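Structural description and commentary
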Amino acid sequence: MKYAVLAPVAAGVTARPEWIGEFAEHVEECGFESIVVVEHAVVAATYSSVYPYDSSGKMELGASCDIPDPLDLLAFLAARTSRLGLATGMLVLPNHHPVVLAKRVATIDALSNGRVRLCVGVGWMKEEVEACGAEFASRGRRADEQIDVLRALWSGDTETGVSHHGEFFSFSNAVTRPKPAHRVPIHIGGHSLAAARRAGRRGDGLQPLGVSGEKLATLVDVMRDEAQAVGRDPGALELSLGHLVSAITPEKSEKLAARGVGRIVLRPSPTTDLAAAKKELSECAKRLELSAP
């Protein structure tokens, strides 16, 4: 089992350089696989969109909470660590032009010696997506094309370049360097059948949010069926699920592993007390019998 740790954005500390830098260093020292950072390019002070992961329809991150750019934050944390995986969870694809995104991700991956993992989604906040210049209704088709563009630019020939002419993006003979240091995994986050289909057809894994039981099993089956339908290996796709740092145990981990989960993304308690945050991580690592390499 791989164990990732979500950066405690709700505590309002992820834009405090010494706090989040030392936190990431401790995540690495404890032997966790990766640190995961979230994205909201903007948060509307008032919004009519419904947050799908809480019965209130509102997310816990308010307009007064610091939410750093995820890629800039990962670049900063890459310099503070040496082995720790650097992941998004989630990067809101409609917020980004894929040509620019390909350059930014490849640069971080090259400079971190191949430590980047992307988990991407199409976004739920219409006000945010539209503020970034994308049409909300077509963001799913746009996301499919964005993933195709990323893959093409990262793997494209540096002599002839890459050409792409799609519904949303068009360019000819484009070369982007540096190339990523490794094949950057792209996992798909979300709770919908569309997300599961996208994971099967284009992704390297699925990170379902806010689902369990039969609905979770359905999403996993859809992902695997879609992969097989397009000639991909369903067994190569990863499944990541969330849990609490304070509540995870080896027994719970074993039950998740039996359901095909390969990575658990752990949410720490939202505290501004760095010593308390580090202690919680240490105790979790001890329970799980982790050890830094």
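In what follows, the accompanying structure is described. Treat the numbers as computed from the prediction; the structure is a model and nothing was measured.

**Some words on the packing of helix 1 (residues 17–30) against helix 9 (residues 274–287)**
Viewed as axis vectors pointing N to C, helix 1 and helix 9 meet at an angle of 15 degrees, and their least axial separation amounts to 10 Å. Judged by the inter-axis angle, helix 1 sits roughly parallel to helix 9. The element helix 1 and its partner helix 9 pack so that their crossing is right-handed. Facing W19, E22, F23, H26, V27 and C30 of helix 1, the residues of helix 9 in contact are L274, A277, K278, L281, S282 and A285. Each residue belonging to the contact of helix 1 with helix 9 can be placed in one class, and the counts come to 8 nonpolar, 2 polar and 2 charged.

**Some words on the pattern of salt bridges**
Summed over all chains, the structure comprises 18 salt bridges. For D144, the salt bridge goes to R202, with nearest N and O atoms at 3.9 Å. Separated by 58 residues along the polypeptide, D144 in helix 5 (residues 139–155) and R202 in helix 6 (residues 193–202) bring together distant segments of the chain. A network of salt bridges, in which partner residues are shared, links K2, E33, R117, E238 and R263.

**Comments concerning empty space enclosed by the protein**
Any empty space left between the atoms is revealed when a probe the size of a water molecule rolls over them. Taken as a whole, this structure holds 1 cavity of 30 Å³ or more when the rule is applied. A volume near 40 Å³ is recorded for the largest cavity. Every residue along the wall of the largest cavity is listed here: A7, V9, T14, V37, V38, P68 and L73. Residue composition of the lining of the largest cavity, grouped by class: 6 nonpolar, 1 polar and no charged.

Calculation rules
Residues numbered from 1 in each chain as written. Predicted model: local features only at pLDDT ≥ 70, side-chain atom pairs only at ≥ 80, totals over all residues. Heavy atoms only, no water. Axes fitted to C-alpha atoms, helices over the stretch in contact; angles between N-to-C directions. Helix = DSSP H or I, 4+ residues; strand = E, 2+ residues; numbered from the N terminus. Parallel < 35°, antiparallel > 145°, perpendicular 65-115°, else oblique. Left-handed = near helix turned anticlockwise from the far one by under 90°. Contact = heavy atoms within 4.5 Å. Nonpolar A, V, L, I, M, F, W, Y, C, P; charged D, E, K, R; others polar. Salt bridge = Lys/Arg side-chain N within 4 Å of Asp/Glu carboxyl O. 1 Å grid on protein atoms, 1.4 Å probe; cavity = no way out; pocket = protein on both sides within 12 Å on 5 of 7 lines; lining within 4 Å. Points joined across faces, edges and corners; volume = space filled by probe spheres on them.

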